[in-house]
Amino acid sequence: MSRQSQPSFSFRFDENNQELSISGSMRPQYAEELDSCVKMVETAVAGMRGTIYVNVKRLVRLNNLAFHVLGGLLVRLCDERPDLRITVVTSSVVGWSTRKFGALRERNAKINVEKYDNDFYPGQSFVENSDFIHVLRTQTKMTWRHEKSILPRHGMRPGLNIADICCGIGDFAVLLQKEFQPARLVALDHSRSSLAYARKVASDFGINGIEYIYGDASDMLLEDNQFDFVTCRHSLQVFDRPELILKELFRICKPGGRVYVTNEKNSHCLGEPRGETIQWTYNEVAKLWHHFKMDIECGPKSRRLLMDTGFDDVQMESFMVTNMDGDPQDFADIIESWKNLFAGDMANQRGDSPEFIERFKRGFDDHIFAALHPKGYAGWPIWVASGRKPL
Ligand SMILES: C[S@@+](CC[C@H](N)C(=O)[O-])C[C@H]1O[C@@H](n2cnc3c(N)ncnc32)[C@H](O)[C@@H]1O
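Residues numbered from 1 in each chain as written. Predicted model: local features only at pLDDT ≥ 70, side-chain atom pairs only at ≥ 80, totals over all residues. Heavy atoms only, no water.

A. Representation of the overall build of the protein chain. Regarding its fold elements, the protein chain presents 12 helices and 15 strands. In summary, the protein chain has a C-alpha radius of gyration of 24 Å against a globular reference of 21 Å for 391 residues, a match within 12%. Structurally, the protein chain occupies a C-alpha span of about 75 × 50 × 40 Å along its principal axes. Relative to its full complement of 391 residues, the protein chain shows a buried share of 55%. (Helix = DSSP H or I, 4+ residues; strand = E, 2+ residues; numbered from the N terminus. Rg over C-alpha atoms; globule rule 2.2 N^0.38 Å. Buried < 20%, exposed > 50% of the residue type's maximum accessible area, 1.4 Å probe, protein only.)

B. Structural view of the site of the ligand. Among the 19 residues in the neighbourhood of the ligand, the closest are listed as C166, D189, D216, A217 and R233. H190 is positioned with one of its backbone polar atoms (N or O) 3.2 Å from a nitrogen atom of the ligand. Contact between the ligand and D216: a nitrogen atom at 3.0 Å from a side-chain N or O atom of the residue. Its free accessible area being 590 Å², the ligand has 99% of it covered by the protein chains. Applying the majority rule of atoms within 2 Å of the grid points places the ligand in the largest cavity. Counting residues per element, the shell around the ligand draws most heavily on helix α5 (residues 132-150), at three residues. (Near = heavy atom within 4 Å. Polar contact = N/O pair within 3.5 Å; in protein donor to acceptor, adjacent residues only side chain to side chain. Areas by Shrake-Rupley, 256 points an atom, 1.4 Å probe, with all protein chains shown as cover. 1 Å grid on protein atoms, 1.4 Å probe; cavity = no way out; pocket = protein on both sides within 12 Å on 5 of 7 lines; lining within 4 Å. Sits in = over half its atoms within 2 Å of the grid points.)

C. Quick look at the pattern of salt bridges. Applying the stated criterion to the full structure yields 24 salt bridges. Measuring nitrogen to oxygen at the nearest pair gives 2.6 Å for the salt bridge that ties D224 to R251. One end of the pair, D224, is in the loop between β10 (210-214) and β11 (227-233); the other, R251, is in helix α8 (residues 242-252), with 27 residues separating them in the sequence. You can call D224 partly exposed: its relative accessible area is 45%. Of the charged contacts in the structure, one is a salt bridge between K287 and E284, with a shortest N-O distance of 2.9 Å. Of this pair, K287 and E284 both sit in helix α9 (residues 275-291), three residues apart, which is roughly one turn of that helix. One salt-bridge network, in which partners are shared between bridges, spans K57, R58, D219, D224, E248 and R251. (Salt bridge = Lys/Arg side-chain N within 4 Å of Asp/Glu carboxyl O.)

D. Highlighting unusual backbone geometry. Cis geometry is adopted by the peptide bond preceding P273, which originates at E272 and carries an omega value of 5°. When you line up the elements, P273 lands in the loop between β13 (270-272) and α9. Within the chain, C166 stands out as a residue other than glycine whose phi angle is a positive 65°. Positioned with a positive phi, K293 is a non-glycine residue whose angle comes to about 60°. With respect to the element layout, K293 can be found in the loop between α9 and α10 (302-309).

E. View of a nonpolar patch on the surface. Taken together, the side chains of L270, M324 and Y377 make up a nonpolar region of the molecular surface, amounting to roughly 290 Å² of accessible area. Along the chain, Y377 falls in strand β15 (residues 377-388). For Y377, a relative accessible area of 34% gives the class partly exposed. (Patch = residues over 30% accessible without salt bridge, like charges linked within 9 Å, V, L, I, M, F, W, Y side chains within 5 Å.)

F. Molecular detail of the domain arrangement of the protein chain. Looking at the protein chain, the domain boundaries give domain 1 (8-115) and domain 2 (124-388). Placing a centre on the C-alpha atoms of domain 1 and another on those of domain 2 gives a separation of 37 Å. Taken together, the contact between domain 1 and domain 2 spans six residues of the former and 11 residues of the latter. Summing both partners gives a buried area of about 620 Å² for domain 1 against domain 2, and 52% of it is carried by carbon and sulfur. The three residues of domain 1 that bury the most area against domain 2 are R58, S92 and V93, which together make up 81% of that side's buried surface. (Domains from an automatic or database assignment. Contact = heavy atoms within 4.5 Å. Buried area = accessible area lost by both parts, 1.4 Å probe.)

G. The layout of surface pockets, seen in detail. Its boundaries defined by the atoms lining it, the second largest pocket holds a volume of some 360 Å³. Along the walls of the second largest pocket sit 14 residues, with R137, I169, D171, Y197 and V201 positioned nearest its centre. Of all the secondary structure elements, the ones that give two or more residues to the lining of the second largest pocket are α5, α6 (171-180), α7 (192-204) and α11 (328-350). Tallied by class, residues from the lining of the second largest pocket come to seven nonpolar, one polar and six charged. (Points joined across faces, edges and corners; volume = space filled by probe spheres on them. Nonpolar A, V, L, I, M, F, W, Y, C, P; charged D, E, K, R; others polar.)

H. Quick peek at the packing of α11 against helix α12 (residues 354-372). Where α11 contacts α12, the axes come no closer than 9 Å and their chain directions differ by 175°. Our classification of the angle between α11 and α12 gives roughly antiparallel. Tallied by class, residues from the contact of α11 with α12 come to 15 nonpolar, three polar and five charged. (Axes fitted to C-alpha atoms, helices over the stretch in contact; angles between N-to-C directions. Parallel < 35°, antiparallel > 145°, perpendicular 65-115°, else oblique.)

I. Main features of the confidence of the model for the protein chain. The share of residues in the protein chain with pLDDT of 70 or more is 98%, and the mean pLDDT across the chain is 92. Considering only residues more than four positions removed or in separate chains, one finds that residues 1-7, a stretch of pLDDT under 50, has 15 contacts. (pLDDT = per-residue confidence, 0-100.)

J. The side chain of R233, seen in detail. By secondary structure assignment, the location of R233 is in strand β11. For R233, the residues in contact, after removing those within four places along its chain, are T140, T143, E147, I165, C166, F172, Y260 and T262.

K. Representation of the packing of aromatic side chains. Overall, the coordinates contain 16 aromatic pairs when judged by the stated rule. Taking the centre distance of 5.9 Å and the plane angle of 35° together, the rings of F229 and Y260 count as tilted. On the criterion of sequence distance, the pair formed by F229 in strand β11 and Y260 in strand β12 (residues 253-264) is long-range, its members being 31 residues apart. Note on F229: relative accessible area 1%, which makes it buried. (Phe/Tyr/Trp six-rings, centres within 6.5 Å; stacked < 30°, edge-to-face > 60°.)

So this is what it looks like as C-alpha cells:
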C-alpha cells in the first residue's frame, strides 16, 4: 500500500482491494501539485486488471482543477486499457460527488458511479422508514428511567464533550443535554427522516446546542480524538458490519475517554401469563432480523466486541425494562410498535405466509396481555457495555 498526503487531503492506494481512496479537501492551485498522485496511481494500476475502485466517500471538497486532473486520469486509464473498468464510490453524505463523478461516464462508459449509502446495509429500509420513529419514541421513554442512573457508573458526568452516534430521533441526546449539561453534544445518524424529526423537536422545544449531523457511522467525517464520551445505542445490532462502527467510535473518542453501547437479546424478552407463545415469537424475531443481516441478539456479545476493538477497562451490566417501571401502557406501546414493524413490513418482505404472520403476531399480543394484566409481568432485557480508549 502506498500513501501520499498533503496538508489538506490524503491519497492512498490499497493494492489488495484495488482501491484508490481520496479524502479531505483537494484544492490545488496548479495542476503540477497533483503530479506525484497521478504518477502513483499510474504505477499502481499498471499491474492490475478488472475493476479499480476510486473511493471518494470522504472527499469533502474538490475544486475544478483537481476534478479536471482526476477525471482526466480516470478517463485516460479506461481509454488506454481495454481490460480496466473504474467504479467511483461516492456517498450521499457528500452531496455533490455523485453528480460530478457521474458526468465522467459520458466520456467513457467503463466508468461507473456507485452511491455507497443507497441501500448500504440490509436493514436500512426498515430503520430509515418514518414509521420507525414511533418505535424509537416509545423505547427511549422507558429505557431512560434506567440509563439515567446507569450512565454515571460508566463515566458520564456534566461538562463532557459527547457524541451520540446513530442517534435516531435525537431524544436520548435531548435527555443527555438536560440531565448532564455537556460542553459539546454532537448527534449523528444516517436516517434523514429521524434527523428531520430530531431537528423539529429541538426547535419546537427551544433546545439549543445539539449539533445534529447526517453521516455514516462506519465512515464518519468527524475528526480523531475529539470526544470524552461516545454513545451508540441499539445500533450495532442494526448495521451489518458493527465492527466498522466500533472502529469509528474508537477513533473519535479521546484517549482515556469512554465509549458506551447498548444492545438487546430479543429472544430473552419474556412475559407471564402466556410465556410460551411470547417466547416462540421472540425466538422468531431473532431469526427474522438475522434474515436481514441484523443481530438483535448482540447484547451479550458487547464485551467481546469492545475488547476486540481495542478498548480496555470494559464494564458491563444489564437491565430489564418492565411493565412495572411506570405506566404498563408505555410497555404495551413498545410491543405494539414492534408488532407493526416486525410482523408487518419485515415479515412481508421476507415472504412469510399469512399463517406464520398470524402466529407471529399472537406472541406480541400475548406480551401486551401480560403487560396489562393486573398480575402480569412483561420484560425487555438490555445490555449496557462501555470501554476506555487506552491512553
Ligand atoms: C435502533 S435505532 C436506535 C436509535 C437511537 N440510538 C435510539 O436508541 O433510539 C438504530 C439507528 O442507527 C442508525 N444507523 C444504522 N446504521 C447506521 C450508519 N452506518 N450510520 C449512521 N446511522 C446508522 C439508524 O438510522 C437508526 O436511527
